[in-house]
Amino acid sequence: MAPQVRRAFVAATAALLPTLLHAQLGVQRERNVPDAYAITGARIVPVSGPVIERGTIVIRNGVIAAVGATVAVPADARAVDGAGLTVYPGFIDAYGSIGIPAPAANAAGQGGRGGGGGGLGAPVPTAGPSGSAPNSAHPIGQQPELSVLDFIKPDPEALAGPQSAGITAALSAPATGIFMGRSAVINLSGANAQEMLVKSPVALHIGFTPLRAGGYPNSLMGVFSVLRQTLLDAQRYGEMEAAYARNPRGMRRPDNDPSLAALLPALARQMPVVFLASSQREIERALDLAKEFNLKPIIAGGAEAHLVADRLKAESVPVLLTVNFPRRPVNESPDADPEPLRVLRQRVDAPKNPAKLAQAGVRFAFESGGVANWSDYLTNISSAVSNGLASDQALRAMTIVPAELFGVSDRLGTIETGKIANLTISRGDLFTGGRVTQLFIDGRPFEARAPATAAAAGSMAGGTWTLTVTLEEGEKPVTVSLQQESDRLRGTLQGALGSAQISGGSVTAAGEMRFTTTVTMQSSSEEATFAGTITGNSMRGTVQIVGHPQGTFVGTRPAGGDAPPQGGRRRPPPQ
Amino acid sequence: MKRLLLAAVALSAATLGAQQAPRAAAGRATAAATLIKNATVLTVTKGRLENTDVLLQNGKIAQIGKNLAAPAGAQVIDATGKFLMPGIIDPHSHSMSDAINEGSLSVTSMVRITDVLNPTAISIYRELAGGVTTVNILHGSANTIGGQNATVKLKYGRPVAEMMFPGAPPGIKFALGENVTQKNRATVAIPGQPAPARRYPTSRMGQEEVLRDAFTRARDYKAGWDDYKAKVAKGEKGLVAPRRDLELEPLVEVLEGKRLVHAHSYRSDEMLMLLNLAKEFGFTVKTLQHGLDGYKIASEIAQAGTGLSSFADDWSYKIEAYDAIPYNVAILMRHGVVATINSDSDERARRLNIDAAKLIRYGGLTEDEALKTITYNGALQLGVQDKVGSIEVGKDADVVIWSGDPLSVYSSAETTFIDGDIFFDKKKDLEKRQAMAKERADLEQAERPVRATRTQIPNEDDR
Amino acid sequence: MRGAMVLASTAASVAVSLAVSLPLHAQLGTFNPRPGAQGTFAITHGRVVTAAGPDIPNGTVIISAGKITAVGATVAVPAGAQVIDATGLVVYPGMIDGGTTLGLNEIPQGANATVDVNETGSFNPNVQAFYGINPHSAHVGVTRVVGITTVVSRPTGGILSGQAALINLAGDTPPQMAINPKLALVIELPRSGFGGRGFAAFLAQQQGGSTADANRTRQRQVDSLKQMLHDAEAYGKALDAYGKDKTLPRPAHDVVLAALLPALRGEMPVMFPADAASDIRAAVAFAEEVHVKPIIVGGRDAVAVAPYLKQHNVPVLVTSVLDLPAREDDPYDQNYSIPAKLSQAGVKFAISAGENSADSRNLPYVAGMAAAYGLSKDEALRAVTLYPAQLFGVADKLGSIEVGKMANIVVTTGDLLEAKTDTKYLFIDGRPIPLSTKHTELNAMFEKRP
């Protein structure tokens, strides 16, 4: 686009920015703005068919009215000169909590995760009444009837982050809990949740993170028992309801239980179940549970999905694959124990794994996975492409595959006449250095601009920590390497308490963290639960070991956060 | 093709070591035959056989004898001057588990260690290097009735499903004493969270009550199901089955003798309480775990038909352990109790052979008796005595070649077989170290293309 | 309750005890039977492993008035000597564990009142383990019957933890047990990972700081320790000067600074607990800077800095042989092979079973494990006899069977380091020691219970 044309585009769209509209909603009724657009002379990648090297897309009333090389531009349409631009179907972030206001972060913390995505927070059970279903007989974190739709609040500033990465729609799900609730596909614009909504409910979401505050279940084992018992109870609830419906006479009416009722579509395989699972063993556990209850599973996260590729393929289980590749810390602690090879390998291999999954024939869609900077989304996908993933496969994983998985491929995922006019427009090829310049969401134009809030430097908990653990046996220096994915923590403990992997880890945006690991002292192996608070680059808290008085820990990590994604150049922020 | 596959299996098992072995190919071929020549064979159940050959074939011990002929394609290992013993069985382990305690409630019989096994835990490999092949992974001792245990073969590098001991009877962990009463636990508030409340029970009195209550409920639960099944059998229609209760189901299995109880206990009075309660409810406690004061009631334990798994000589680490004596196991065995020693530790598990030797000093066990405490008796306690625990034809090929007598501190495990496959080999391990060093250098290089000139690797002697 | 039990079991324990006529009665309130009197004893026809020179296949050892007075194949038995026929038995010097907290630490978990291993505060050079040792600890008897006759018991924690004592495991009182009540100073430098009790407490108050901030705090603590040592040096200088010239102002006495003088004058070694390579280097550098004689205690990563240790002639008391390798990728035998690798590298070392009292009796098997992973059997034996004596500068008195040394001797059924080997006779300071313990008494009480 020639400079003057580009300026014209900006001028044309700036007046229409929904941001401004929303700001005025309270005082002014919405204007009747003409809604016909024609993008002309652009390279069009419809995904549903061959690339149109030079074509036109006509948008009217929020949907694609026409697309093709020889489409006429309606006289009333606003023209957008697409010369030099490539138009893709609007990207769909296949998993996250976009649209859900983040809980207030600890002021002293690092600003939480997500850099403007807003969304990795969630209906945190402790954050307020929004995380709890009214009148549920089940505890917080075990209420599958929760609908993400009840928590979505459009915040243009927060949505600017994913928009800047070209994301026009997303699967948004509650971010915490065991039975976390039900997700929705939303478009990333709208005056309210109802306007944003594309489809709800989409899937039931299940996570394996134990409750942070004690209480049953406070272990990974307990999580599985809760899952099992609740699913069994739901099966029986369905039978009781059915029996009562057949003939209520003489039978005590079953207690109404919306939580159990919400599981019935999943048990009937009418609704997919998304399991948050990163490691090989988490994925296998999810698949085992799905098999036990004949559920229709989808794996979300899937950092080690390539290690389970055969089984995923055989059982036709799709993966919502994280593009939040682990990063090494900028500064190393001189006193820290070296990272295990396993961790190094995970980091170096992360960009290679999507290609492996593709090669194995596993269906997958990309999800942003709580990237620290929204610019990482495309950088990391590009890195996957340069590590062997075919670019058309990458594109499908951002468009049509998630649309199909979520049952909205009749509306989203390709550039076809009649579909929702969600478009992502780039200058240059996306996977080889191009960048997103503008988008259409629900037929309205948006500029891809850097989020107003600066991205956090690194994650809340990720990095190499040197800790002193004070137990009855004395002080034990250890190194704890943590990797954070959304609110979940993985990692390793090494040093004076032996070496072991950590599990059941989680951290809130406010820095409250918890994990368990095995410690060995004086020839005895014990399970230790670390719970505490992260403030900036220090953490402290308590260590609970069965049979021992409570211990404490304090620790620090080097300042500087994580390094930029490796294997790809740092993208300049749009504009 | 088959050869290639076999080679791959052997390689992945023996050389990968600390690395995570690739996921096993479906339909794994059974190991090639292995003929171990001219070893001193400690059969455990049938004495010591000098200069004897043992043939491992199809995952089993196929032949034991002199001058055995190697089948075609078998690998032959000259074990002259070396000892062959059954793989060590550790009846009390918490290795390779992503969670150990569900300590929130007093009864957590619904939780299962099987759900949370971590086949990549490095502790597995280190235990293999100590000659251990089978472990009983128990729930912790946080509560009176803990979770369900997992009997596992340490097939490091294989998926969890292949590590589960085929046919091992299910079990459950109970716990008594001060870990359960939490007398030793401070109730300091975690920042930002309310101070934890005391969990019932906080005394040994309450522990008996929790058990009695749980088994009373289990009995009622079983009765409810029995009624239902009777009605169904009579052809009644339109019945809705009783609720399945995952807490009580395993306790019903205990009552029916289908699930083994392994009970953490220290003081003799609490052990006796449990044995009597079990008798009242009609089941047998399979093992007392730790049971450090068991020697004070050896006759009662023997009479109950209960086994005991203890430490060889650990003591005095807490008040409950202050009367522990290293003669415990010997006294129990002399009274007819099936006794074992265990590790309860990723560390100690690596040297159970030395712990067994201590029992010769402290209680005068014979060498075979000492070996039984880490092999055959463990198999009995886990209900897998038909498959492992001794070197006998037809048993699983879970055997270990030692550099010398395993009851000598100067000996070390050299090659560890499970189901005929090698999972630890001392020589291969040395080769693996070089490969790991190279891989680390490569990975660090791959990660730091920019900093290649200013490498971050500290002085070589700092690592 | 406990007292009644002991009395009841005393009679039974006699049978298990020494064949030599000795005062066997365990005292009320102690599990450790009292040693017999010093006298003249001849241990004959045993295989004598001296740890100093070649073994004597059929030798005699003469003990008189607490000392070894003769050793050899052709030694005459003095008139009136009590003769112990050691035919088929092996005679060894008593083992020494240089890294225990024996007598200070009875039940480490959940029984605080039985634990006296550390003092509050960070700088306690004047605190002496000697004053916390309970001679009637059940660990004393249990440990010595394995053949461990002597231990270093040390305070832990803080930065200047205090002074370690060298004690024999026999005697009714600490003075009777002590060989050197003020053997060594213990300094726990703030470590990587920021150990050091004061440090953790200090760090806990800091919020938000990074590793660099913590390192600065750590450096400040090391600086204040150095300052204290420099102050002590000045204090010593002033005392000396005043001793020579009474016209100078009389220095005010300071027990804390005074306690540091022997170490600063090189009369007392300093034990530096250190495991990480960087901590070991830091300890050596620190010791050289303040002119004290270091012994590294722990030594998990000592192999990685072996050339440095050899170059600086710093010995290591290895306590970590049976610890799990600290890092996931460490070889499985990382810790087992530490002594062998130090030996190969020419670094002086000894082996300890570490701080936990219940583990002390396993010292021989710890050395045995080192031997299973590369250390020669002879070296393994010396690592728990002669070498610890050398490390602490007491090899003139202890550590081997040589004429003139203290008669700490154990007579066994076989190889001293083998777990199945049993002890037949035990002498500490030339006194015969009954072999009953808390454990043998409980065994005797219950083994025949129907």
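Residues numbered from 1 in each chain as written. Chains lettered and ligands numbered in written order. Predicted model: local features only at pLDDT ≥ 70, side-chain atom pairs only at ≥ 80, totals over all residues.

(A) Fine view of the overall build of chain C. Looking only at helices and strands, chain C has 14 helices and 16 strands in total. Over its C-alpha atoms chain C spans a radius of gyration of 23 Å, differing by no more than 12% from the 22 Å that the globule rule assigns to 450 residues. Oriented by its inertia axes, the alpha-carbon framework of chain C measures out at about 65 × 60 × 50 Å. A buried classification covers 58% of the 450 residues belonging to chain C. Of the contacts formed within chain C by residues at least 6 apart in sequence, a portion of 69% connects residues at least 24 apart. (Helix = DSSP H or I, 4+ residues; strand = E, 2+ residues; numbered from the N terminus. Rg over C-alpha atoms; globule rule 2.2 N^0.38 Å. Buried ≥ 20, exposed ≤ 12 C-beta atoms within 10 Å, placed from the backbone. Contact = placed C-beta atoms within 7 Å.)

(B) Broad picture of the overall build of chain B. Secondary structure assignment for chain B yields 13 helices and 17 strands. Sequence separation of at least 24 residues holds for 69% of the intrachain contacts in chain B that already meet a minimum separation of 6.

(C) Summary view of unusual backbone geometry. Residue and element names in this part refer to chain A. For the peptide bond that leads from Ser200 to Pro201, omega is -10°, which places it in the cis range. Topologically, Pro201 is positioned in the loop between strand E10 (197-199) and strand E11 (204-206). Positive phi, normally seen in glycine, also occurs at Asn61, with a value near 55°. Note that Asn61 resides in the loop between strand E2 (52-60) and strand E3 (63-68). We classify Asn61 as exposed; it has 10 C-beta atoms within 10 Å. Located in the positive-phi region is Asp442, a residue other than glycine, with phi close to 50°. Looking at the element boundaries, Asp442 is found in the loop between strand E17 (435-441) and strand E18 (444-447). Taking the C-beta count within 10 Å as the criterion, Asp442 has 24 such neighbours and is therefore assigned buried.

(D) Geometry of helix H6 (residues 255-264) of chain C. Residue and element names in this part refer to chain C. Taken together, the buried positions of H6 are occupied by Leu257, Ala259, Leu260, Ala263 and Leu264. All buried residues of H6 lie within an arc of 155° about the axis, which places them on one face of the element. Buried-residue contacts for H6 involve strand E9 (178-187), helix H5 (211-244) and strand E10 (270-274). At the C-terminal side of H6, Gly266 shows a positive phi close to 80°. (Arc of directions from axis to C-beta.)

(E) Fine view of the interface of chain A and chain B. On the chain B side, the residues contacting the 59 residues of chain A number 59 residues. Secondary structure elements with two or more residues in the side of chain A that touches chain B: helix H5 (220-246), helix H8 (280-292), helix H10 (341-349), strand E22 (500-507), strand E23 (512-521), strand E24 (524-535) and strand E25 (538-545) of chain A. For the side of chain A that touches chain B, the leading source of residues is H5(A), giving 13 residues. Split into classes, the residues belonging to the side of chain A that touches chain B amount to 17 nonpolar, 27 polar and 15 charged. (Nonpolar A, V, L, I, M, F, W, Y, C, P; charged D, E, K, R; others polar.)

(F) Spatial organisation of the sheet that holds E11(A). Residues and elements named next belong to chain A. Spatially, E8-E11-E12-E13-E14-E15 is the arrangement adopted by the 6 strands of the open sheet, whose pairing is mixed. The outermost strands of the open sheet, each flanked by one partner alone, are strand E8 (179-182) and strand E15 (364-367). Across the sheet, the axes of successive neighbouring strands diverge by a mean angle of 25°, strand direction being ignored. Examined bridge by bridge, strand E12 (residues 273-277) and strand E13 (residues 297-301) share 5 bridges and lie parallel to one another. Counted as the bridge partner of Ala277 is Gly301 from E13. (Pairing = 2+ DSSP bridges. Axes fitted to C-alpha atoms, helices over the stretch in contact; angles between N-to-C directions.)

(G) Representation of the sheet that holds strand E7 (residues 148-153) of chain C. Residue and element names in this part refer to chain C. Taken in spatial order, the 8 strands line up as E6-E7-E8-E9-E10-E11-E12-E13 in an open sheet, and their pairing is mixed. The open sheet is flanked by strand E6 (95-100) and strand E13 (349-351), the only strands paired with a single partner. On average, adjacent strands in this sheet sit at an angle of 25° to one another, irrespective of strand direction. Looking at chain direction, strand E11 (residues 294-298) and strand E12 (residues 316-318) are connected through 3 bridges and run parallel. Paired with Ile296 across the strands is Val316, a residue of E12.

(H) Quick look at helix H13 (residues 391-398) of chain A. A:Ala394, A:Leu395, A:Arg396, A:Ala397 and A:Met398 are the residues of H13(A) that are buried. Of the surrounding elements, those touching the buried residues of H13(A) are strand E5 (85-89), strand E6 (91-96), E15, helix H12 (375-386) and helix H14 (400-405) of chain A.

(I) Structural detail: the interface of chain A and chain C. Across the contact, 37 residues belong to chain A and 32 residues belong to chain C. In the side of chain A that touches chain C, the residues fall into 11 nonpolar, 18 polar and 8 charged.

(J) Seen up close, the nonpolar core. Membership of the largest hydrophobic core comes to 393 residues, with the highest contact counts inside it found for B:Leu84, C:Ala302 and C:Ala370. Counting residues per element, this core draws most heavily on H5(A), at 10 residues. A:Ala102, A:Met460, A:Ala510 and A:Phe553 belong to the second-largest nonpolar core, a separate cluster that totals 35 residues. (Core = buried A, V, L, I, M, F, W, Y, C linked by C-beta atoms within 7 Å.)

(K) Up close: the environment of B:Ile391. Looking at the secondary structure, you find B:Ile391 in the loop between helix H12 (376-382) and strand E15 (399-402). Beyond its immediate chain neighbours, meaning those up to four positions away, B:Ile391 contacts B:Val41, B:Thr43, B:Val44, B:Val54, B:Ile61, B:Ile64, B:Leu84, B:Pro86 and B:Val399.

(L) Representation of the packing of H5(C) against H6(C) within the structure. Residue and element names in this part refer to chain C. Packing of H5 against H6 leaves a shortest axis separation of 9 Å and a crossing angle of 90°. Put simply, H5 runs roughly perpendicular to H6. When H5 is examined against H6, the residues Leu229, Asp231, Ala232, Glu233, Tyr235 and Gly236 are found in contact with a partner set consisting of Leu257, Leu260, Leu261 and Leu264. Of the residues contributing to the contact of H5 with H6, the split by class is 7 nonpolar, 1 polar and 2 charged. (Parallel < 35°, antiparallel > 145°, perpendicular 65-115°, else oblique.)

(M) Layout of the environment of A:Ala360. Residue and element names in this part refer to chain A. Positionally, Ala360 belongs in helix H11 (residues 353-360). Since 14 C-beta atoms lie within 10 Å of it, Ala360 is described here as partly exposed. Considered as a pair, Ala360 and Asp310 are 50 residues apart in the sequence and their alpha carbons are 7.0 Å apart. In this structure, Ala360 is in contact with Ala309, Asp310 and Lys313, ignoring residues within four places of it in sequence.

(N) Looking closely at the pairing of strand E3 (residues 67-72) of chain C. Residues and elements named next belong to chain C. As paired elements, strand E2 (residues 56-64) and E3 share 5 bridges and run antiparallel to each other. Considered in E3, the bridge of Val61 is made with Val71. The hairpin formed by E2 and E3 contains 2 residues between the paired strands, and Ala65 there has a positive phi angle of roughly 50°.

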